[in-house]
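Structure assessment
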Amino acid sequence: MATGKIGVGDRVAVTVTVRWRINQSHVSVAIPGYNFPYSIRDSSKMRMRGQQVELTGEVTRIDNETVTIALGPLVTVALDKVRLVETYRSPKRRTRLRPTSCP
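In this report, we go over the structure that sits alongside the text. Note that the coordinates shown come from a computational prediction; the quantities given were computed from them, not determined experimentally. (Residues numbered from 1 in each chain as written. Predicted model: local features only at pLDDT ≥ 70, side-chain atom pairs only at ≥ 80, totals over all residues. Heavy atoms only, no water.)

1. Re the nonpolar core
In terms of nonpolar packing, the biggest core is built from 21 residues, with Ile31, Tyr38 and Ile69 touching the most fellow members. Those elements that place two or more of their residues in this core are strand E1 (11–21), strand E2 (26–30), strand E3 (38–41), strand E4 (52–62), strand E5 (66–70), strand E6 (74–78) and strand E7 (82–86). Broken down by element, this core gets its largest block of residues, four residues, from E1. If near-sequence neighbours (up to four positions away) are discounted, Ile69 is found in contact with Val12, Val14, Gly57, Glu58, Thr60, Leu74, Val75, Val77 and Val82. (Core = buried A, V, L, I, M, F, W, Y, C linked by side-chain atoms within 4.5 Å. Buried < 20%, exposed > 50% of the residue type's maximum accessible area, 1.4 Å probe, protein only. Helix = DSSP H or I, 4+ residues; strand = E, 2+ residues; numbered from the N terminus. Contact = heavy atoms within 4.5 Å.)

2. Observations concerning the side chain of Asp10
Note that Asp10 resides in the segment before E1. No salt bridge forms around the buried Asp10; measuring N to O, its nearest opposite-charge neighbour Arg89 is 8.9 Å away. A distance of 2.7 Å separates the side chain of Asp10 from the backbone nitrogen of Gly7, its partner in a polar contact. When sequence neighbours within four positions are dropped, the list of residues in contact with Asp10 reads Lys5, Gly57, Glu58, Val59, Leu84, Glu86, Thr87 and Tyr88. (Lys, Arg positive; Asp, Glu negative; His and termini not counted. Salt bridge = Lys/Arg side-chain N within 4 Å of Asp/Glu carboxyl O. Polar contact = N/O pair within 3.5 Å; in protein donor to acceptor, adjacent residues only side chain to side chain.)

3. What to know about the pattern of salt bridges
Should the charged atoms of two oppositely charged side chains come close, the side chains can pair. All told, the structure shown has four salt bridges when counted by the stated rule. Salt-bridge contacts for Arg61 lead to Asp63; the nearest nitrogen and oxygen are separated by 3.2 Å.

4. Notes on the environment of Thr76
Inspection of the secondary structure assignment puts Thr76 in strand E6. Its relative accessible area of 36% is what places Thr76 among the partly exposed residues. Taking the C-alpha atoms as reference, Thr76 lies 9.8 Å from Thr60; in sequence the two are 16 residues apart. Contacts of Thr76, omitting those with residues within four sequence positions, involve Gly33, Tyr34, Thr66, Val67 and Thr68. Here Thr68 takes part through its side chain, which lies 3.2 Å from a polar atom of the side chain of Thr76.

5. Section: the side chain of Thr68
Position of Thr68 among the secondary structure elements: in strand E5. On the accessibility criterion, Thr68 (11% relative accessible area) is buried. If near-sequence neighbours (up to four positions away) are discounted, Thr68 is found in contact with Glu58, Val59, Thr60, Arg61, Leu74, Val75 and Thr76.

Here is the structure:
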């Protein structure tokens, strides 16, 4: 599922599956390859068990076969479970550090 070269700072997406509703505002989801409970805030009341939801976050660390994503807490998943959404571009400097003509 990983398309292109993924680097630190890139925005990636992970497809998760809804497990059950915790309360009126939160839903428990299953993240593939992440064996810990995780819940998200549910903005719409239409979430059903088994429905696929896409979560996006920034990459904070890349190992050989795993990627750590900031989804609130840090979540480590397999590299083939993520999809590249947007690459990171460093900000460009608009002004010069020193003037072009020296006195």
